[in-house]
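# Summary of the model geometry
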Amino acid sequence: MKSKRKIVLLMTALLVLSMLLSGCRSQTATNTIKIGSVHPLTGSMAYEGQAMVNAQKIAIDKINGEGGINGRMLELVAKDSLGTSSGAANAALKLTNSGVVALTGTYTSSSAQVVSRTAEKTRIPLVITVASSDNLLSNGYRYTFRVQPSVSVFSQNFLKYLSYFKTEDMETVAFIYENSNYGSGISEYITDHIDETGLRIVGMLSYPATTSTMSSEVTKLAALDPDLLVPIGYYSDQNLFMKEVLERGIQFKKIVGCANGAFSDAKFLRTYGTQVDGIYDINYRYNPNSEDAQYMLETYREVYGEDIPVHAIYGYESIMVVADALKRCKNPDDPEELRDAIAASEIYEHVLPQGVIKFDEKGENINSAGVLVEIRDGKHVIVFPEEYADHDEVQK
């Protein structure tokens, strides 16, 4: 009888031990802190979306290499938005059901709109990587934050920097822009304030970002022959535009992009080199004085064999913003606490050419700004603001 009891006790002990060990294994397996990423990984914007994820992975590895979040590792869970609103909605839903504490994304404003609704519904914070529409943060949502400049900020930067590239004989301007909230929003804001510049609008040409040709648009612009041409669009469509211009040997007097997805991108320079010298762009950029930015640039080049695409800088910084907030959370698994920590952020050390990263009540980064970049000798050169400039003045 005693021996039977011993056997039962032993079996019970073994069962309890087995359950404990199983629990330890389960706890270890789920001990990472998951951050969701919604970007286009297939389709016409796959280049931009994959670069965003690549930069996020570098940021994740850096944080984990420094000990993670109080000893816990970060894990990036990336889902393909397919470059569509419905695809982004499905991706966000899958991520929120998978245990992520935060969402990042989405590269397009239409996708960001649906993901921000998911963030609000699930109370899981969203840090926008790239999506510029002003409307995104005008609806009173509490769980969406944007680090990058909005349409209004980019447009204001354009109007402010105009004096740095405007010449005395510059009288007319034409716009060519993709027709989503992004391209239309920037072009409308600038044209609403164009009287302040002394310029006269001679053309407004719009097109869908998914276009496969820019032939007719280039023909119309060549006939208009504006003193200043302002192209606004994503990488693939603006690359088509420039290819058409160069192949036909058309020379516009001055080209200045505003948040142009191609002009400030390293791939654009690899494709065209000095053929595109003299083009300007008001856009994203890294802070050349930041040690973390140098780490980001060098690591991206080492890991992926090319220079980081300019928009991907905000993919990197989005992870840094979330990580900074997580470190200030008592319970990093609580998205509600994380939301409050992001809202209270004051980040002085970052990779961007701006002051402290700090969010207003709408979730906008109050110091977000673009810089004026010139393509010179086949390289991107920051010419304004002065504290981030590579050269003292713009060559007009």
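Above this text sits the structure in question.
Only a predicted model underlies this, so the values are computations on that prediction, with no experimental measurement involved.

### Side note on the overall build of the protein
- From N to C terminus, the protein includes 12 helices and 12 strands.
- Along the longest, intermediate and shortest principal axes, the C-alpha atoms of the protein span 105 × 40 × 40 Å.
- For the protein, buried positions account for 56% of its 396 residues.
- Of the contacts formed within the protein by residues at least 6 apart in sequence, a portion of 68% connects residues at least 24 apart.
- Total accessible area on the protein stands at roughly 17,400 Å², and carbon and sulfur atoms take up 49% of it.
- One way to put it: in the protein the 37 positive side-chain charges average out to a point 13 Å from where the 49 negative ones average out.

### Examining the pairing of strand S1 (residues 33-39)
- Of all seven residues in S1, six are buried, a share of seventy percent or more.
- Here S1 runs beside strand S2 (residues 74-80); their pairing, made up of seven bridges, is parallel. Opposite Ile35, over in S2, you have Leu76 as the bridge partner.
- Sheet topology note: the S1/strand S3 (residues 102-105) ladder contains four bridges and is parallel. The partner of Ser37 across the bridge, within S3, is Thr104.

### Brief notes about the pattern of salt bridges
- In this structure the tally under the stated criterion is 14 salt bridges.
- Note that Asp292 is salt-bridged to Lys62, the shortest N-O span being 3.9 Å. Of this pair, Asp292 sits in helix H10 (residues 291-304) while Lys62 sits in helix H2 (residues 46-65), placing them 230 residues apart in sequence. A single burial state applies to Asp292 and to Lys62, both of which are buried.
- Asp340 is the partner of Arg339 in a salt bridge, and the nearest nitrogen-oxygen pair spans 2.9 Å.
- Residue classification places Asp340 among the partly exposed positions, given a relative accessible area of 38%.
- Among the charged side chains, a network of salt bridges with common partners joins Lys62, Glu66 and Asp292.

### Points about the packing of helix H3 (residues 85-97) against helix H4 (residues 109-122)
- Taken N-terminus to C-terminus, the directions of H3 and H4 make an angle of 30°; their axes are 8 Å apart at the nearest point. By the angle between their axes, H3 is roughly parallel relative to H4. Crossing of H3 over H4 shows right-handed handedness. Only Ser110, Ser111, Val114, Val115, Thr118 and Thr122 of H4 make contact with H3, whose side of the interface consists of Ser85, Ala88, Ala89, Ala92, Leu93 and Thr96.
- Its residues assigned to classes, the contact of H3 with H4 comprises six nonpolar, six polar and no charged.

Analysis parameters
Residues numbered from 1 in each chain as written. Predicted model: local features only at pLDDT ≥ 70, side-chain atom pairs only at ≥ 80, totals over all residues. Heavy atoms only, no water. Helix = DSSP H or I, 4+ residues; strand = E, 2+ residues; numbered from the N terminus. Buried < 20%, exposed > 50% of the residue type's maximum accessible area, 1.4 Å probe, protein only. Contact = heavy atoms within 4.5 Å. Areas by Shrake-Rupley, 256 points an atom, 1.4 Å probe, with all protein chains shown as cover. Lys, Arg positive; Asp, Glu negative; His and termini not counted. Charge placed at Lys NZ, Arg CZ, Asp CG, Glu CD. Pairing = 2+ DSSP bridges. Salt bridge = Lys/Arg side-chain N within 4 Å of Asp/Glu carboxyl O. Axes fitted to C-alpha atoms, helices over the stretch in contact; angles between N-to-C directions. Parallel < 35°, antiparallel > 145°, perpendicular 65-115°, else oblique. Left-handed = near helix turned anticlockwise from the far one by under 90°. Nonpolar A, V, L, I, M, F, W, Y, C, P; charged D, E, K, R; others polar.

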